[in-house]
Amino acid sequence: MNREPSTARGPAELDRSLHEAKFTVPRLRPGTVSRAALISDARVSGRRVVGVTAPAGYGKSTLLTEWATHDPRPVVWVSLDRLDDDPLSLLRVLASGFSLSRPGHDDLVAEMTGPDVSLLGRAAPRLASALRAGREPILFVLDDLHEIRSPACHDVLGVVAAGIPPGSQLLTASRSEQPHVARLRAADDAVEIVAADLVLDVAQTMQVWEAARAPVSREVAATVTERTEGWPAGVYLTSLVARHRDPRDLSVTGAEPYIADYLQREVFRRLTPAERRFLRRTAVLDVLSAPLCDAVLEEHSSQRRLRRLEAANAFVVPLDDRRELFRYHALFREYLLTELMDAEPEIADTLRVRAAGWLAAHGSPEQAVEHLLATPDRDRCVHLVARIAMTSFQAGRIATVGRWLRTLGDDEVAGYPPLALLAGYVAGFEGHPLEAERWAAVADAASYDGRLGDGPVSFASARAMYRALRCPDGPQQMSDDARLALAAEPAWSVWRTTALTLAAEALLLVGDVAGATRHLEEAVGTANQGNADAFVYAAALLAQLDMDHDRWDDAAEHVRLALETVHEHRTGDYPTSALAQAAGARLALRLGDVDEARRRLVQGMRARAGCTYAFPSIAVRVRLYLARASWSTGDRIAVRHLLREVDDVVLRRPALGVLVEQARELRTAVGVETSLLVGGSTGAPLTPAELRLLPYLQTHLTIKEIAGRLYVTRNTASSQIGSIYRKLGVSSRGGAVDRAVKTGLLGS
């Protein structure tokens with residue numbers, strides 16, 4: 001086959017165009033039936049949310065396009081797809097659309113990171129706050145919301161929707177019920193447009209046919225309207241073949257199940273065999289470009305085919321002005337995928353694997369993972385996830401990594417030991433100690449001699465560092481594991497920072513401050529920011545040692561480095577970040593800035609929710625550092641609770657060297673008896689469990705639904721909510737949220 005000359009853009013520009021296409025208002029087709037009356041009524045209603053809900057083919061996207069085209073307010077347009085069905089991905093795409101349309105929010109997308117609880121408690125409120133702070137009203141449009149199925153996604157969307165200010169509106173279109181609309185209905189703050197509002201009358205049917213260059217009499221239009229039941233897709237489809245048949249003989253009905261038969265009879269069969277094969281095979285792609293289609297089909301004529309199909313009105317929709325990015329009409333794509341599974345079921349997975357290979361080679365490995373997850377080629381997917389997971393983890397996208405691992409399943413993860421270690425890290429950093437221990441057992445029983453890609457130089461080194469971080473057998477074993485990793489990881493390895501920090505921690509546990517300081521100075525001085533969490537860990541520990549020895553200028557520099565790294569990588573809810581916040585609080589107290597110290601303490605207390613016995617030395621250090629700073633601010637209640645939490649960690653990990661004695665000394669010095677504490681007292685800090693529940697109070701979920709999200713009983717959730725109210729001194733969910741935002745427990 002001859003190679004077709006290509007004018008397609010390079011991979012980087014193509015990826016950028018694909019990104020921008022999601023945020024561009026589509027063009028209205030000539031002859032489109034106007035929905036001006038519906039739009040006007042919803043526009044002037046004063047309701048902040050408008051939901052358009054109807055089955056496929058009712059013109060929802062067309063209504064959204066008409067509204068966005070003529071609305072005088074600035075428009076934020078987001079076209080959603082299946083890859084956005086993840087809380088992190090959804091928040092990032094919403095923030096991207098807002099930032100592109102509203103200058104001055106360049107850092108907003110980068111702040112949409114963290115574990116799932118952080119997305120609901122920090123990222124979603126941050127985006128809602130940005131919406132609320134806008135100086136002029138906007139129209140925020142979300143098309144194809146039915147692609148978002150995850151309950152966690154609807155949780156964060158509900159928080160974002162609450163940020164739509166008066167004068168602005170959120171306009172959404174979906175084939176299925178929209179939870180945020182249903183919840184706002186009771187508050188009389190939503191307008192609903194449904195299928196019955198979108199059916200076409202006879203005059204509108206005539207308009208559609210005239211636009212298709214198939215003029216029709218009113219009598220025939222009435223017949224078509226009756227037989228299609230005013231279903232816009234049915235009316236449009238009949239217009240496409242009206243020139244080939246008597247319109248009165250057309251039998252398409254408004255019932256959606258008939259769509260496949262109709263497309264087969266009247267549209268698909270009119271194409272050549274080569275065109276039909278091209279269409280059904282490329283239907284596995286969410287967005288089409290000539291280079292990607294060429295790779296999937298292993299041919300070189302896709303550019304010509306795409307433009308020819310578009311010109312023939314074969315349900316191919318251009319996404320950019322240069323006609324290089326396309327998608328299929330949703331109804332048509334669903335039909336094509338059915339055709340593919342009927343005609344060539346054996347090739348569907350091969351096509352997706354080819355797409356993944358091209359995407360991975362052209363700078364889109366995360367999209368490649370999504371394609372591979374839809375295939376049985378788990379081996380290839382496992383290796384790709386293992387290769388890119390740590391990069392995503394270090395960039396704060398821990399929620400996405402966790403979703404990949406859950407989708408792969410425990411058996412697949414356990415079958416590849418390097419990925420089992422990564423699963424353990426994710427579980428530990430998300431505050432799930434039992435899961436972290438389970439993956440540790442898998443890794444300890446495994447053997448692996450292969451390469452680890454961008455990870456540590458060997459599986460033995462990676463496993464040793466994970467075991468050292470968990471410290472299950474005391475300081476000596478931790479030291480042995482850290483030394484093994486230090487000997488293995490060369491100076492250029494990004495993991496050497498981790499090995500140095502763990503070696504320093506092991507020395508601190510036996511009281512060797514001088515040796516620990518040398519390791520930490522090397523870790524901070526030569527750190528590769530590819531391992532940001534280890535760098536923060538090292539810098540925060542070194543800052544505390546500096547302050548212990550009155551090296552306050554050095555301490556200030558190390559605190560600055562730690563906190564700047566937390567901000568840069570948006571890892572504010574990672575356990576290591578709590579160490580940085582505690583160091584910042586201590587430094588602020590030295591400088592006499594009590595307000596700053598309290599702000600740092602709030603952030604540290606918030607991040608401690610992820611500090612469990614999975615990583616016990618971090619969990620205990622964080623609480624001891626926070627307790628000392630809290631004592632200096634006069635917060636005796638916080639000190640007592642923190643020391644009780646230290647006891648809980650030590651109960652499970654008793655071999656923590658001098659940390660156990662330091663906790664005992666602090667308890668004696670401050671003169672508190674943790675056994676006398678009464679849970680839920682006013683002014684007490686929220687427990688880690690309560691901090692995990694707190695973000696859900698922003699949603700409209702019932703107590704039972706919140707319990708389901710957190711995998712606890714309804715009684716447990718109810719008890720924790722009551723405790724939150726008492727501690728915050730409020731009597732309602734709204735009051736708790738307001739108080740939490742003001743104190744820094746929610747939001748940025």
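Analysis parameters
Residues numbered from 1 in each chain as written. Predicted model: local features only at pLDDT ≥ 70, side-chain atom pairs only at ≥ 80, totals over all residues. Heavy atoms only, no water. Helix = DSSP H or I, 4+ residues; strand = E, 2+ residues; numbered from the N terminus. Rg over C-alpha atoms; globule rule 2.2 N^0.38 Å. Buried < 20%, exposed > 50% of the residue type's maximum accessible area, 1.4 Å probe, protein only. Contact = heavy atoms within 4.5 Å. Areas by Shrake-Rupley, 256 points an atom, 1.4 Å probe, with all protein chains shown as cover. Lys, Arg positive; Asp, Glu negative; His and termini not counted. Charge placed at Lys NZ, Arg CZ, Asp CG, Glu CD. Pairing = 2+ DSSP bridges. Axes fitted to C-alpha atoms, helices over the stretch in contact; angles between N-to-C directions. Salt bridge = Lys/Arg side-chain N within 4 Å of Asp/Glu carboxyl O. Parallel < 35°, antiparallel > 145°, perpendicular 65-115°, else oblique. Nonpolar A, V, L, I, M, F, W, Y, C, P; charged D, E, K, R; others polar. Phe/Tyr/Trp six-rings, centres within 6.5 Å; stacked < 30°, edge-to-face > 60°. Lys NZ or Arg CZ within 6 Å of the ring centre and 35° of its normal. Left-handed = near helix turned anticlockwise from the far one by under 90°. Polar contact = N/O pair within 3.5 Å; in protein donor to acceptor, adjacent residues only side chain to side chain. pLDDT = per-residue confidence, 0-100. Core = buried A, V, L, I, M, F, W, Y, C linked by side-chain atoms within 4.5 Å.

## Points about the overall build of the protein chain
Counting its secondary structure elements, the protein chain contains 38 helices and eight strands. Expected size for 748 residues packed as a compact globule is a radius of gyration near 27 Å; at 29 Å, the protein chain falls within 12% of this value. Principal-axis analysis of the C-alpha atoms gives the protein chain an extent of 95 × 60 × 45 Å. In the protein chain, which comprises 748 residues, the share counted as buried stands at 57%. For the protein chain, contacts bridging at least 24 residues in sequence account for 71% of all contacts bridging at least 6. Approximately 30700 Å² of the protein chain is accessible, and the part contributed by carbon and sulfur atoms is 51%. Averaging the positions of the 89 positive and the 94 negative side-chain charges in the protein chain gives two centres separated by 2 Å.

## Thoughts on the sheet that holds strand β3 (residues 139-143)
Strand order across the open sheet formed by five strands is β2-β3-β4-β1-β5, with parallel pairing between neighbours. Looking at the sheet topology across the chains shown, the edges are occupied by β2 (75-79) and β5 (190-194). Across the sheet, the mean angle separating the axes of adjacent strands is 15 degrees when strand polarity is ignored. Sheet topology places strand β1 (residues 49-53) next to strand β4 (residues 169-174); five bridges connect them, and they run parallel. From the neighbouring strand, Val-52 faces β4, where its bridge partner is Ala-173.

## As for helix α20 (residues 398-408)
Across the eleven residues that make up α20, a large majority, nine, are buried. Taken residue by residue, α20 has Ile-398, Ala-399, Thr-400, Val-401, Gly-402, Arg-403, Trp-404, Leu-405 and Leu-408 as its buried positions. In this structure, the buried side of α20 is in contact with α4 (87-101), α5 (116-132), α18 (365-373), α19 (378-394), α21 (410-414) and α22 (417-429). Immediately downstream of α20, the backbone of Gly-409 shows phi near 95 degrees, a positive value.

## Quick notes on the pattern of salt bridges
Opposite charge on two side chains permits pairing when their charged atoms draw close. Counted under the stated rule, the structure contains 42 salt bridges. Residue Arg-280 is joined to Glu-344 by a salt bridge in which the shortest nitrogen-to-oxygen separation is 2.9 Å. Taken together, the residues Arg-280 in helix α13 (residues 273-282) and Glu-344 in the loop between α16 (330-343) and α17 (348-361) connect sequence positions 64 residues apart. With a relative accessible area of 10%, Glu-344 lands in the buried category. As a salt-bridge pair, Asp-410 and Arg-438 come within 3.2 Å of each other at their nearest N and O atoms. Within this pair, whereas Asp-410 is found in helix α21, its partner Arg-438 is found in helix α23 (residues 433-445), the two being separated by 28 residues in sequence. Exposure remark for Arg-438: the relative accessible area of 35% places this residue in the partly exposed category. Each of Lys-22, Asp-81 and Asp-84 takes part in one network of salt bridges that share partners.

## Here's the deal with the packing of α13 against helix α14 (residues 290-297)
Packing of α13 against α14 brings their axes to within 10 Å, and their N-to-C directions diverge by 100 degrees. With respect to their mutual orientation, α13 and α14 come out roughly perpendicular. Residue-level contacts link Phe-278, Arg-281 and Thr-282 of α13 to Cys-293, Val-296 and Leu-297 of α14. Across the contact of α13 with α14, the residue classes break down as four nonpolar, one polar and one charged.

## Overview of the packing of aromatic side chains
This structure, assessed with the given rule, holds seven aromatic pairs. Ring pairing ties together the aromatic residues Tyr-425, Phe-429, Tyr-466, Trp-495, Tyr-574 and Phe-615, which thus form one cluster. Over the ring of Tyr-466 we find Arg-470, and its NZ or CZ is 5.5 Å from the ring centre.

## Quick word on the pairing of β2
Across a regular strand the side chains alternate sides, sitting on one face of the sheet and then on the other. Of all the five residues making up β2, four are buried; the element is thus mostly covered by neighbouring parts of the structure. With five bridges connecting them, β2 and β3 associate as parallel partners. Counted as the bridge partner of Val-75 is Leu-139 from β3.

## Section: the sheet that holds strand β7 (residues 316-318)
In spatial order, the strands read β6-β8-β7; together these three strands make up an open sheet with antiparallel pairing. Of all the strands in the sheet, the pair left with one neighbour each is β6 (288-289) and β7. Two strands pair when backbone bridges link them, and β7 and strand β8 (residues 325-328) are joined in this way by three bridges, in the antiparallel orientation. Each residue of the ladder has a partner; that of Pro-318, found in β8, is Phe-326.

## Here's the deal with the packing of α18 against α20
Their axes nearest at 11 Å, the elements α18 and α20 cross at an angle of 20 degrees. Relative to α20, the element α18 lies roughly parallel. When you trace α18 past α20, the crossing you get is left-handed. The residues of α20 that touch α18, namely those facing Glu-366, Val-369, Glu-370 and Leu-373, are Arg-403, Trp-404, Thr-407 and Leu-408.

## Description of the environment of Leu-624
Structurally, Leu-624 can be placed in helix α32 (residues 616-632). Leu-624 sits in the buried class, given a relative accessible area of 1%. The spacing of Leu-624 and Arg-667 is 43 residues in sequence and 9.9 Å in space, taken between C-alpha atoms. Every residue in contact with Leu-624, bar those within four places of it in the chain, is listed here: Leu-643, Val-646, Leu-659, Gln-662, Ala-663 and Leu-666.

## Some words on the side chain of Asp-573
With respect to the helices and strands, the residue Asp-573 is situated in the loop between α29 (552-569) and α30 (575-590). Of the polar contacts made by the side chain of Asp-573, one reaches the side chain of Arg-122; its length is 2.9 Å. Once you skip the residues sitting within four places of it in the chain, Asp-573 turns out to touch Pro-115, Ser-118, Arg-122, Arg-606 and Ala-607.

## Focus on the side chain of Arg-653
Along the polypeptide, Arg-653 turns up in the loop between α33 (636-652) and α34 (658-670). Take Arg-653: its relative accessible area is 10%, and that puts it in the buried class. A distance of 3.0 Å separates a polar atom in the side chain of Arg-653 from a polar atom in the side chain of Glu-437. For Arg-653, the residues in contact, after removing those within four places along its chain, are Glu-437, Arg-470, Cys-471, Pro-472, Tyr-613 and Pro-616.

## Here's the deal with the confidence of the model for the protein chain
For the protein chain, the mean per-residue pLDDT works out to 87, and 91% of the residues sit at or above 70. Long-range and interchain partners of residues 1-14, a stretch whose pLDDT sits below 50, account for 27 contacts in this model, where long-range means more than four residues apart. Of the regions scoring below 50 in pLDDT, residues 253-257 engages in 13 contacts with residues more than four places distant in sequence or in other chains.

## Some points on the nonpolar core
Judged by nonpolar contacts, the single largest core of 143 residues is most densely connected at Val-385 and Leu-419. With eleven residues, helix α28 (residues 532-548) is the single largest residue contributor to this core. The residues contacting Leu-419, other than those within four sequence positions of it, are Val-382, Val-385, Ala-386, Leu-405, Leu-408 and Val-413.

## Overview of the environment of Pro-74
Within the fold, Pro-74 resides in the loop between α3 (60-70) and β2. Since its relative accessible area comes to 23%, Pro-74 is described here as partly exposed. Distance in space between the C-alpha atoms of Pro-74 and Ile-138 is 5.0 Å, their sequence separation being 64 residues.

## Describing unusual backbone geometry
Look at Cys-471: it is not a glycine, yet its phi comes out positive at around 45 degrees. Residue placement: Cys-471 occurs in the loop between α24 (459-470) and α25 (475-488). On the basis of relative accessible area, Cys-471 is assigned to the buried category, the value being 2%. For Arg-570, which is not glycine, the phi torsion reads 55 degrees and is therefore positive. The residue Arg-570 is located in the loop between α29 and α30 in this model. The buried category is assigned to Arg-570, whose relative accessible area is 14%.

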